[in-house]
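Listed here are the chains, written in short residue letters.
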Amino acid sequence: MRPRASRLRLLLASFAAMLLGGGPALAHSGSGSGGFVGGFLHPVFGPDHVVAMVAVGLWGAFLGPPAIWLLPIVFPLVMAGGGVMGILGMPLPGVEIGIAVSAIVLGLMVALAARPPLWVAAVLVGAFAIFHGHAHGGELPPGTDAVAFSVGFVVATGLLHLAGIGFGLLARWPAGRVTVRVAGGAIALAGLAFLSSVG
Amino acid sequence: MSGFVRGLLQPLVLPAHALALLALGLLISQQHAHLRLLPLAAFVAGLVGGLTAIALAVGQTPAADVLLAASGLAGIVIAIGRPLPTLVCAFLAAFAGAAFALDSPPEAISIAAGTIILIGTGLGASVALALAAAGASYLVDAQERVWARIGVRVLGSWIAASAMLVLALRYARGQLL
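The structure contained in this document is the topic of the report that follows.

So, how was this worked out
- Residues numbered from 1 in each chain as written.
- Chains lettered and ligands numbered in written order.
- Predicted model: local features only at pLDDT ≥ 70, side-chain atom pairs only at ≥ 80, totals over all residues.
- Heavy atoms only, no water.
- Helix = DSSP H or I, 4+ residues; strand = E, 2+ residues; numbered from the N terminus.
- Buried < 20%, exposed > 50% of the residue type's maximum accessible area, 1.4 Å probe, protein only.
- Contact = heavy atoms within 4.5 Å.
- Areas by Shrake-Rupley, 256 points an atom, 1.4 Å probe, with all protein chains shown as cover.
- Axes fitted to C-alpha atoms, helices over the stretch in contact; angles between N-to-C directions.
- Left-handed = near helix turned anticlockwise from the far one by under 90°.
- Core = buried A, V, L, I, M, F, W, Y, C linked by side-chain atoms within 4.5 Å.
- Buried area = accessible area lost by both parts, 1.4 Å probe.
- Nonpolar A, V, L, I, M, F, W, Y, C, P; charged D, E, K, R; others polar.
- Polar contact = N/O pair within 3.5 Å; in protein donor to acceptor, adjacent residues only side chain to side chain.
- Patch = residues over 30% accessible without salt bridge, like charges linked within 9 Å, V, L, I, M, F, W, Y side chains within 5 Å.
- Salt bridge = Lys/Arg side-chain N within 4 Å of Asp/Glu carboxyl O.

### Let's talk about the overall build of chain A
Phase 1 of the analysis: A count of helical and extended segments in chain A gives eight helices and zero strands.
Phase 2 of the analysis: Secondary structure elements of chain A occur, N-terminal to C-terminal, as α-α-α-α-α-α-α-α.
Phase 3 of the analysis: For chain A, the residues scored as buried account for 51% of the 199 residues in total.
Phase 4 of the analysis: When contacts within chain A are restricted to residue pairs at least 6 apart in sequence, long-range pairs at least 24 apart make up 82% of them.
Phase 5 of the analysis: Entry remark: accessible area of chain A is about 8300 Å², with carbon and sulfur atoms responsible for 74%.

### Quick look at the packing of helix H2 (residues 15-29) of chain B against helix H7 (residues 146-172) of chain B
Residues and elements named next belong to chain B.
Phase 1 of the analysis: Between H2 and H7, the shortest axis-to-axis distance is 10 Å and the interhelical angle comes to 145°. Considering the relative orientation of H2 and H7, their crossing is left-handed. For the pair formed by H2 and H7, the contact residues are Leu 19, Leu 22, Ala 23 and Leu 26 on the first element and Val 152, Leu 155, Ile 159 and Ser 162 on the second.

### Some details on the nonpolar core
Phase 1 of the analysis: Judged by nonpolar contacts, the single largest core of 98 residues is most densely connected at Trp 59 and Leu 71 of chain A together with Leu 27 and Phe 43 of chain B.
Phase 2 of the analysis: For this core, the element with the most residues is helix H3 (residues 47-63) of chain A, which contributes 12 residues.
Phase 3 of the analysis: Filtering out sequence-adjacent residues up to four positions away, Leu 27 of chain B remains in contact with Ala 74, Val 77, Ile 78, Leu 84, Cys 89 and Leu 92 of chain B.

### A look at the side chain of Gln 31 of chain B
Phase 1 of the analysis: Within the fold, Gln 31 of chain B resides in the loop between H2 and helix H3 (37-55).
Phase 2 of the analysis: Each residue touching Gln 31 of chain B, except ones within four places of it in the same chain, is listed here: Arg 36, Pro 83, Leu 84, Pro 85, Thr 86 and Cys 89 of chain B.

### Quick notes on the interface of chain B and chain A
As a measure of interface size, the accessible area lost when the parts come together is often cited.
Phase 1 of the analysis: Counting residues at the interface gives 21 residues for chain B and 24 residues for chain A.
Phase 2 of the analysis: Between chain B and chain A, the buried area comes to about 2000 Å², and carbon and sulfur atoms account for 85% of it.
Phase 3 of the analysis: When residues of chain B are sorted by the area they lose upon contact with chain A, Trp 158, Leu 165 and Leu 169 of chain B head the list and together hold 31% of the total.
Phase 4 of the analysis: At the level of secondary structure, the elements contributing two or more residues to the side of chain B that touches chain A comprise H2, helix H4 (63-80) and H7 of chain B.
Phase 5 of the analysis: Among the elements that make up the side of chain B that touches chain A, the one with the highest residue count is H7 of chain B (15 residues).
Phase 6 of the analysis: Residue classes in the side of chain B that touches chain A are distributed as 17 nonpolar, two polar and two charged.

### Quick notes on the side chain of Ser 102 of chain A
All names here are of chain A.
Phase 1 of the analysis: Assignment of secondary structure puts Ser 102 in helix H5 (residues 95-111).
Phase 2 of the analysis: Within the structure, Ser 102 has its side chain in polar contact with the side chain of His 132 (distance 2.9 Å).
Phase 3 of the analysis: Apart from the residues within four sequence positions on either side, Ser 102 is in contact with Ala 52, Gly 107, Phe 128 and His 132.

### Observations regarding a nonpolar patch on the surface
Residues and elements named next belong to chain B.
Phase 1 of the analysis: A cluster of nonpolar side chains, contributed by Phe 4, Val 5, Leu 9, Leu 12, Val 13, Ile 116, Ile 119, Leu 123, Val 127 and Leu 131, occupies part of the molecular surface with about 890 Å² of accessible area.
Phase 2 of the analysis: When residues of the nonpolar patch are traced back to their parent elements, those giving at least two are helix H1 (3-13) and helix H6 (111-141).
Phase 3 of the analysis: Assignment of secondary structure puts Val 127 in helix H6.
Phase 4 of the analysis: Residue Val 127 is classed as partly exposed on the basis of its relative accessible area, which comes to 42%.

### Let's talk about the environment of Gln 175 of chain B
Phase 1 of the analysis: Among the structural elements, Gln 175 of chain B can be located in the segment after H7.
Phase 2 of the analysis: For the pair Gln 175 of chain B and Pro 62 of chain B, spaced 113 residues apart in sequence, the C-alpha separation works out to 9.6 Å.

### Focus on the pattern of salt bridges
Residue and element names in this part refer to chain B.
Phase 1 of the analysis: Scanning the model with the defined rule gives two salt bridges over all chains in all.
Phase 2 of the analysis: Between Asp 141 and Arg 36 there is a salt bridge; the shortest N-O distance is 2.8 Å. Of this pair, Asp 141 sits in helix H6 while Arg 36 sits in the loop between H2 and H3; the two residues are 105 residues apart in sequence, bridging distant segments of the chain.
Phase 3 of the analysis: A relative accessible area of 40% means that Asp 141 is categorised as partly exposed.

### Some words on the environment of Ala 67 of chain A
Residues and elements named next belong to chain A.
Phase 1 of the analysis: By the element assignment, Ala 67 lies in helix H4 (residues 67-87).
Phase 2 of the analysis: Owing to a relative accessible area of 3%, Ala 67 belongs among the buried residues under this scheme.
Phase 3 of the analysis: Separated by 24 residues in sequence, Ala 67 and Pro 43 place their C-alpha atoms 23 Å apart.

Read these as layout, nothing more, since geometry by itself doesn't imply function.
Below is the structure:
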């Protein structure tokens, strides 16, 4: 088991290095295309969005029930609220910083195996969801594809949570627990890289 | 494709309509098992009422927005995960059924062809909702399928989020109501 765990850690470290060496934060690169596929790809191509979503799932899995399903329910609902703010042009200062900090904080929560009360976790995740939603909100396309686009966007976000939950379930085993915490550390480092590129 | 088949498939072709049917199906599945028929019947009644209004050449209505709002409301209730009072659920279903129908004006050159499309739409929407409700009920009814009940609530949050975003977009672009 130990060599396998080491390989996993090496893989995660490589992943973190890849993210650290990546470009600036682009949570909302904007695919420009409408429809379900356009909406689905929109969050997937924003690395800072991706790592934060995965971190939500990881943390939920780490905390166990009911957080494992409550956080992925809270996030899209509050994210939609942030999206509405973005669509309506309501200003929200430091959106890019908030997104980068979300990766740092959520990654650290996993890395440090933090177990706050459920409401604290929900409020924290919800607060960051506003930044993610706001960043994406202004990019929903007009016209008949808006429903398909938003459904694709929300589904992709949910599947990223699911990916994090799937990976986070490794925490049931001792070696997996270490792996998940290392992944949390990698996400926090990636968030630092995003933050430095924003600044 | 014949007008009837076109009408029959319409609920599956339009994303807003498919979203509404999915939301209502999940909402009905969260009701107590012996109380699920009433909202289903209420939907069909609302649908028939709306289709009749279309057949009588009712003018422009904000049905698309109302249907999205109903989907969003249903999504929030699903995410909360508690059954609605039966009458409230039935009222919401009837309201959504009427909005669904009013948002489905047929594109036909004759009254006869338009009527056939409307009949297809009514039948397609009713069957699709019944199937969605039955499928979701099958999943959530088994005691051991805790994951299914959680999955339904997660889907509800996705539906609510999608509907909220589109409604806000329509408002921002001056298209709401």
